[in-house]
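Close look at the chain arrangement
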Amino acid sequence: SSTAKLRAEEVDRQVSEASAELAAAQGGDPGALEKADRMIREVQAQIASFERAVALPTALHELDEAQQSVSKVVAQHGQANDQEELAALERDGQRAREHQDGQLCRDTTERLWSLHWVVLTRHDGFWISVFQQVAEGDKFSDPALARTLIAQGSQALQTHDMTKLREVTRHL
């Protein structure tokens with residue numbers, strides 16, 4: 001955007017001025033070093049501000065994606081307490097949007113994904129799917145152990161022993 005370009009040009013100008021002050025300090029100007037130090041700190045603050053401004057749209061987008069995905073998972077597989085937690089996280093997300101708070105966006109996104117995995121890993125279908133995908137793979141660090149674990153997992157599927165299937169899948 002034009003605002004970003006202007007900000008970048010201003011930072012470039014300030015860096016050039018700070019460089020000139022550093023050169024003057026090397027030439028013996030006692031006040032130039034202090035001035036260069038102050039200018040460098042100002043540039044650092046502007047860059048940090050610019051980075052925060054650029055990061056916010058990304059954080060908002062990631063929050064929206066997480067919210068959509070987690071809402072689906074909770075609707076399909078969640079329990080009442082999961083829905084309550086989701087509602088609280090949605091309120092946090094709304095507050096993050098209203099206040100344009102990048103840190104709250106990132107924190108809420110992280111907590112949303114945590115809820116996502118808690119709900120999914122509680123669901124037997126998740127473990128069956130993961131086991132099947134892993135069992136079809138051919139890159140195991142210990143192929144003999146993998147064959148044994150896959151046989152145990154297949155047996156657990158046949159007997160509907162989901163505790164054993166989870167254990168085997170984690171080891172694969």
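Residues numbered from 1 in each chain as written. Predicted model: local features only at pLDDT ≥ 70, side-chain atom pairs only at ≥ 80, totals over all residues. Heavy atoms only, no water.

Let us look at unusual backbone geometry. For glutamine 100, which is not glycine, the phi torsion reads 50 degrees and is therefore positive. A positive phi is found at histidine 160, a non-glycine position, where the angle reads about 60 degrees. Checked against the element boundaries, histidine 160 lands in the loop between α6 (143–158) and α7 (162–171). Relative accessible area serves as the criterion here: at 66%, histidine 160 is assigned to the exposed category. (Helix = DSSP H or I, 4+ residues; strand = E, 2+ residues; numbered from the N terminus. Buried < 20%, exposed > 50% of the residue type's maximum accessible area, 1.4 Å probe, protein only.)

Orientation of helix α2 (residues 30–77) relative to helix α3 (residues 80–99), taken along the N-to-C sense of each, is 165 degrees, at an axis distance of 11 Å. The pairing of α2 with α3 is recorded here as roughly antiparallel in orientation. Regarding α2 and α3, the two cross each other, and that crossing is left-handed. Contact residues: Leu60, Leu63, Asp64, Gln67, Val70, Ser71 and Val74 in α2; Asp82, Gln83, Leu86, Glu90, Gly93, Ala96 and Arg97 in α3. Here the contact of α2 with α3 is built from residues that sort into six nonpolar, four polar and four charged. (Axes fitted to C-alpha atoms, helices over the stretch in contact; angles between N-to-C directions. Parallel < 35°, antiparallel > 145°, perpendicular 65-115°, else oblique. Left-handed = near helix turned anticlockwise from the far one by under 90°. Contact = heavy atoms within 4.5 Å. Nonpolar A, V, L, I, M, F, W, Y, C, P; charged D, E, K, R; others polar.)

Mapped onto the elements of the fold, threonine 109 is located in helix α4 (residues 102–122). Under the relative-accessibility criterion, threonine 109 is labelled buried at 10%. Leave out the neighbours within four places in its chain, and threonine 109 touches Ala59, Glu62, Leu63 and Ala66.

Further remarks concern the pattern of salt bridges. Tallying each qualifying case throughout the model produces 10 salt bridges. One salt bridge connects arginine 41 with aspartate 37, and the closest N-O pair in it is separated by 3.0 Å. Of this pair, arginine 41 and aspartate 37 both sit in helix α2, four residues apart, roughly one helical turn. The class for arginine 41 is exposed, based on a relative accessible area of 54%. By relative accessible area, which is 38% here, aspartate 37 ends up partly exposed. Here aspartate 92 makes a salt bridge to arginine 111, at a shortest N to O gap of 2.5 Å. Note that aspartate 92 is positioned in helix α3 and arginine 111 in helix α4, a separation of 19 residues in sequence. (Salt bridge = Lys/Arg side-chain N within 4 Å of Asp/Glu carboxyl O.)

Compared with the 28 Å implied by 1.5 Å per residue over 20 residues, the 29 Å span of α3 between its first and last C-alpha is a close match. Where α3 is concerned, the buried positions are Asp82, Leu86, Leu89, Asp92, Gly93 and Ala96. All buried residues of α3 lie within an arc of 120 degrees about the axis, which places them on one face of the element. Exposed residues pointing more than 90 degrees away from the buried face of α3 are listed as Ala80, Glu84, Arg91, Glu98 and His99. Structurally, α3 contributes buried residues whose contacts are with α2 and α4. (Expected span 1.5 Å × (residues − 1). Arc of directions from axis to C-beta.)

Over its 48 residues, α2 extends 69 Å from the first C-alpha to the last, a length consistent with the 70 Å expected when each residue adds 1.5 Å. Its axis deflected by about 30 degrees at alanine 55, α2 carries its strongest bend there, up to four residues before the proline proline 57. At the N-terminal end of α2, a side-chain oxygen is found 3.2 Å from the backbone nitrogen of glycine 31, two or three residues along, and the residue is aspartate 29. (Bend = angle between axes of the 7 residues up to and from the residue. Polar contact = N/O pair within 3.5 Å; in protein donor to acceptor, adjacent residues only side chain to side chain.)

On to the packing of helix α5 (residues 124–135) against α7, then. It is at 10 Å that the axes of α5 and α7 come closest, and there the two elements cross at 45 degrees. By the angle between their axes, α5 is oblique relative to α7. Judged by the twist between their axes, the crossing of α5 over α7 is left-handed. The segment α5 lies against α7, with Asp124, Trp127, Ile128, Val130 and Phe131 engaging Met162, Leu165, Arg166, Val168, Thr169 and Arg170. Classifying every residue of the contact of α5 with α7 gives seven nonpolar, one polar and three charged.

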